[in-house]
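Fold and contact review
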Amino acid sequence: MTTTTHSEDTTAHTARTGVWFVGARGSVATTAVAGCAALSAGLHAPDGMVTETPPFAGSGLAPLSSLVFGGHDTVSCPLPKRAEELEAGGVLPHGLSSAVRSELATADREIRTGGPLPGDTRGDEELIDAFAAHLLVARRQRLDRVVVVNVASTEPAPTDPQSSLPPSSLYAAAALRAGCPYVNFTPSTGLRAAALQDAVAAGGLPHAGRDGKTGQTLLRSVLAPMFVQRALSVRAWSGTNLLGGGDGAALADPAAAAAKNAGKNRVLTDTLGALPEGDVHIDDVPALGDWKTAWDHIAFDGFLGSRMTLQTTWQGCDSALAAPLVLDLAQLLARAHEVGISGPLPELGFYFKDPDGGPAALAEQYEALLAFGSRLRAAR
């Protein structure tokens, strides 16, 4: 039995839309490419893709079958091999890497060497020009537009604003230079580097968020409003994350973990009015691979000072949680660009720990997303 997606069912798009991943051979990008191919072929239902639900029918989003993938990476493992590894780890379903091998190989041929690599003597402008040139070549390949999506490993927050731009900001600057909408699905600096603000303002391009909201923070954005609405005082909120894979290794760096935790804590500060006592710990457990466990312990006061607690455990596969959101965002940004919407998109806060403004509670963010879908539909 085949599955028809809403985007394929309700749009007359004939041109192709490029999705350019920074970190194109990582777990999230590989899962997204394989997943898109599987959905386009009707092999699986579009579970986890909000854009494939009825409220987005008729919004003019590019059909999944029209998405063309490429990107930058500094590693050489080809996508078909990476997909085999993810399948062996249970991230991709059995047999999928073989079923979509051709699509993976096609995407892999469009991956260019990123950087800066060790020993690279090029300055910021040279690197930005090189990355932008790759994007411009991609845009000339009969593509309507190209959306750049950062899904690379978390980098430490820069400590010296006068130093060279961090890699995430080099890629973001290249997206601006090439006229490409941009999504930052990582906690890395990206477009938010101070040195890029004039270019961002002048670029006239839609861009969205920082750090995808896939697990622990997703749950926080649901629970925190509950405590506020029920007038329950939160005394402490502590969390622990156990994860492996590339994310686990990257977040073993305390500076990278601090960048990640800033987004995790933002929803509590924005919703509760202040950050409660408690820390978030991130532990690298290589044996877990692409799977993670997130545990939260919440201490709160009830009527007459009754002291109570709530504990939650979230176990999931980060790549499988992130990939459909990345595809959603690529479609939404491409459509926004098509109809002339520019600048930051707080309406897409539903997808981010650190959004570009807007409400912090998930229910309110969802309503804003639905309104954005209606806006795209009206622009047809």
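Scroll up to find the structure this text is about.
Now for a description of the structure that goes with this document. (Residues numbered from 1 in each chain as written. Predicted model: local features only at pLDDT ≥ 70, side-chain atom pairs only at ≥ 80, totals over all residues. Heavy atoms only, no water.)

This part takes up the overall build of the chain. When helices and strands are tallied, the chain shows 13 helices and 11 strands. Expected size for 380 residues packed as a compact globule is a radius of gyration near 21 Å; at 20 Å, the chain falls within 12% of this value. Oriented by its inertia axes, the alpha-carbon framework of the chain measures out at about 65 × 50 × 45 Å. Within the span of the chain, comprising 380 residues, buried residues form 52% of the whole. Counting only contacts in the chain whose residues sit at least 6 apart along the sequence, the fraction spanning at least 24 positions is 79%. For the chain, the separation between the mean place of its 29 positive charges and that of its 39 negative charges on side chains is 4 Å. (Helix = DSSP H or I, 4+ residues; strand = E, 2+ residues; numbered from the N terminus. Rg over C-alpha atoms; globule rule 2.2 N^0.38 Å. Buried < 20%, exposed > 50% of the residue type's maximum accessible area, 1.4 Å probe, protein only. Contact = heavy atoms within 4.5 Å. Lys, Arg positive; Asp, Glu negative; His and termini not counted. Charge placed at Lys NZ, Arg CZ, Asp CG, Glu CD.)

With that settled, consider helix α5 (residues 101-108). For α5, the set of buried residues is L104, A107 and D108. Taken end-on, α5 shows its buried residues confined to a sector of 100°, consistent with a single buried face. On the buried face of α5, the contacting elements are α2 (27-40), β2 (67-73), α3 (79-88), α4 (96-99) and β3 (111-113). (Arc of directions from axis to C-beta.)

All right, on to the packing of α2 against α5 then. For the pair α2 and α5, interaxial distance at closest approach is 9 Å and the crossing angle is 135°. Between α2 and α5, the interaxial angle falls into the category oblique. In terms of crossing hand, the pair formed by α2 and α5 is right-handed. Facing α2, whose interface residues are T30, V33, A34 and A37, α5 presents E103, L104 and A107. In terms of residue class, the contact of α2 with α5 is made up of five nonpolar, one polar and one charged. (Axes fitted to C-alpha atoms, helices over the stretch in contact; angles between N-to-C directions. Parallel < 35°, antiparallel > 145°, perpendicular 65-115°, else oblique. Left-handed = near helix turned anticlockwise from the far one by under 90°. Nonpolar A, V, L, I, M, F, W, Y, C, P; charged D, E, K, R; others polar.)

Strands belonging to one sheet form pairs held by backbone hydrogen bonds; the direction of such a pair is parallel or antiparallel. Strands sit in the order β8-β7-β9-β10 across an open sheet of four strands; the sheet is mixed. One side of each edge strand has no neighbouring strand; the edge strands of this open sheet are β8 (280-284) and β10 (307-317). This sheet shows a mean twist of 10° between the axes of neighbouring strands, independent of strand direction. The sheet contact formed by strand β7 (residues 233-243) and β8 spans five bridges and is parallel. What sits directly across from L243, in β8, is D284. (Pairing = 2+ DSSP bridges.)

Turning our attention to the nonpolar core. Of all hydrophobic cores here, the largest spans 58 residues; its most connected members are F21, F69, L332, L348 and Y351. Mapped onto this core, the elements with two or more residues apiece are β1 (16-22), α2, β2, α3, α5, β4 (143-150), α12 (318-338) and α13 (362-378). Top contributing element to this core by residue count: α12, with 11 residues. Not counting the four nearest positions on each side in its chain, L332 is found in contact with T51, F56, L61, L348, Y351, L369, F372 and L376. Residues L127, A138, L143 and A175 belong to the second largest nonpolar core, which totals 27 residues. (Core = buried A, V, L, I, M, F, W, Y, C linked by side-chain atoms within 4.5 Å.)

This next bit is on the pattern of salt bridges. Going through the model one piece at a time under the given rule, you end up with 20 salt bridges. The residue R177 makes a salt bridge to E125 at a minimum N-O spacing of 3.0 Å. Of the two residues, R177 is situated in helix α7 (residues 167-178) and E125 in helix α6 (residues 124-139); the sequence distance between them amounts to 52 residues. Assessed through its relative accessible area of 40%, R177 is described here as partly exposed. What makes E125 partly exposed here is its relative accessible area of 47%. R235 serves as the salt-bridge partner of D301, at 2.7 Å between the closest nitrogen and oxygen. Here D301 is found in strand β9 (residues 291-301), whereas its partner R235 is found in strand β7, with 66 residues between them in sequence. (Salt bridge = Lys/Arg side-chain N within 4 Å of Asp/Glu carboxyl O.)

Read these as layout, nothing more, since geometry by itself doesn't imply function.
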